[in-house]
Protein chains: 2
Amino acid sequence: MSRKGEPDGARPNVWLSRSQLRTWLAFMGVQQRLGYEMNRQLQADNELSLADYDVLNALSGLPGERMQVSALAAQIGWERSRVSHHAKRMQSRGLVQCGVAASDRRATEVRLTRDGRRAIVAAAPGHVDLVRHLFFGGLPKELLVPLSQALEAIYDHIVEHGTLPSPVAEQ
Amino acid sequence: MSRKGEPDGARPNVWLSRSQLRTWLAFMGVQQRLGYEMNRQLQADNELSLADYDVLNALSGLPGERMQVSALAAQIGWERSRVSHHAKRMQSRGLVQCGVAASDRRATEVRLTRDGRRAIVAAAPGHVDLVRHLFFGGLPKELLVPLSQALEAIYDHIVEHGTLPSPVAEQ
């Protein structure tokens, strides 16, 4: 399993260059800690989890405020089974409605309810406030443009070389 | 709920500057699509989900290969309840063992099993390969250093201003 003379081991890191590894650990660290803080703030202020917010936010951005489970999973990067289970729990709280898709009767779709819309509208300002302070508050001004360029280049590459359809085709 | 004269609405984006919004959408896009692709590759090649991998990876990086549920949740940025449920499912597959924490008998800890260690060792090379190709393959060389600097500055800021203990204190 060794590559390029690196020692074997459970740590995958040996196969990234030193500067790639630093970058990757920082990316994962930001993602994980920010995820924790976003979840905490939403729970405390809005009785929503970050998972709830991701679902509500994805649905609320669409014209019909509804999406098939598989498309929703692809959009927010979850496993299908997690979307199904989570949507059922959200349905029991009145935030979404699960049902047969109008466009394909073999598929299940998740639809935003009036209460779900109310919840995301109420939660959005506090959530964005946290993002602005905790994410952008730490970013030196001169690094905003290079960060954006780097992330957009990576994003375009993933869209081109990944397995998911491009965002335009999704909707 | 309107701020700075922006119109109300469910879209939180109006409260970030235009360049912050571009950056944030790219960050979320990378996180979500990369998450989807990482999960897909692990499922196909190792019968692990990305969630399994995150848990195994966190545990395998520690001296005792064990962690309390709350510390594990903080480390990987999940809700506590998600860690508990997921660890039980992983226990039924033999990948981890859940039990009373040796250091605090009121707490539950999750411990890597021999099979869990075998699974992460087997999965790591393919996972890192995907990260190297899909994430770093899209990054122009001259943006590697600024990307790293930006993410590390954001990470340090989150550690300083967030609610979680710093990584040193965690372990």
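Residues numbered from 1 in each chain as written. Chains lettered and ligands numbered in written order. Predicted model: local features only at pLDDT ≥ 70, side-chain atom pairs only at ≥ 80, totals over all residues. Heavy atoms only, no water.

A. Representation of the interface of chain B and chain A. Contacts between the two partners involve 80 residues from chain B, matched on the other side by 81 residues from chain A. Buried area between chain B and chain A, summed over both chains or domains, comes out near 7,600 Å², and the portion from carbon and sulfur atoms is 68%. It is Trp24(B), Arg33(B) and Ile158(B) in chain B that bury the most area against chain A; as a group they hold 10% of the surface buried on that side. For the pair chain B and chain A, the interface holds two salt bridges. Of the charged contacts, one joins Glu152(B) and Arg22(A) as a salt bridge, the two residues approaching to 2.4 Å between their closest N and O atoms. On the surface where chain B and chain A come into contact, there are twelve residue pairs in polar contact (both at pLDDT 80 or more). For the side of chain B that touches chain A, the secondary structure elements donating two or more residues are helix H1 (18–46), helix H2 (50–60), helix H3 (69–76), helix H5 (114–135), helix H6 (144–161) and helix H7 (167–170) of chain B. (Contact = heavy atoms within 4.5 Å. Buried area = accessible area lost by both parts, 1.4 Å probe. Salt bridge = Lys/Arg side-chain N within 4 Å of Asp/Glu carboxyl O. Polar contact = N/O pair within 3.5 Å; in protein donor to acceptor, adjacent residues only side chain to side chain. Helix = DSSP H or I, 4+ residues; strand = E, 2+ residues; numbered from the N terminus.)

B. Quick peek at the side chain of Glu37(B). Looking at the secondary structure, you find Glu37(B) in helix H1. Setting aside its immediate chain neighbours within four residues, Glu37(B) contacts Ile158(A), Gly162(A), Thr163(A), Leu164(A), Leu130(B) and Leu134(B).

C. Molecular detail of H2(B). In terms of residue burial, H2(B) counts as a mostly covered element, since ten of its eleven residues are buried. The complete set of buried residues in H2(B) reads Leu50(B), Ala51(B), Asp52(B), Tyr53(B), Asp54(B), Val55(B), Leu56(B), Ala58(B), Leu59(B) and Ser60(B). (Buried < 20%, exposed > 50% of the residue type's maximum accessible area, 1.4 Å probe, protein only.)

D. How the structure looks around the nonpolar core. Counting 101 residues, the largest nonpolar core has Trp24(A), Phe135(A), Trp24(B) and Phe135(B) as its most contacted members. With residues up to four places along the chain from it excluded, the contact list for Trp24(B) reads Leu34(A), Met38(A), Val131(A), Phe135(A), Phe136(A) and Leu16(B). (Core = buried A, V, L, I, M, F, W, Y, C linked by side-chain atoms within 4.5 Å.)

E. Fine view of the environment of Gln68(A). Residues and elements named next belong to chain A. Here Gln68 is to be found in strand E1 (residues 66–68). Judged by relative accessible area, which is 23%, Gln68 ranks as partly exposed. Between the C-alpha atoms of Gln68 and Cys98, which are 30 residues apart in sequence, the distance is 9.4 Å. The residues contacting Gln68, other than those within four sequence positions of it, are Ala101, Ser103, Asp104, Ala107, Thr108 and Glu109. Looking at Gln68, its side chain comes within polar contact range of the side chain of Ser103, at 3.3 Å.

F. The confidence of the model for chain A, seen in detail. Residues and elements named next belong to chain A. Residues of chain A with pLDDT of at least 70 account for 89%, and the chain-wide mean is 88. Within chain A, the lowest mean pLDDT, 53, falls on helix H7 (residues 167–170), and the highest, 97, falls on helix H6 (residues 144–161). A low-confidence stretch, residues 1–13 (pLDDT under 50), is modelled with 22 contacts involving residues beyond four sequence positions or located in other chains. Interface confidence for the predicted complex, given as ipTM, is 0.84, next to a pTM of 0.84. (pLDDT = per-residue confidence, 0-100.)

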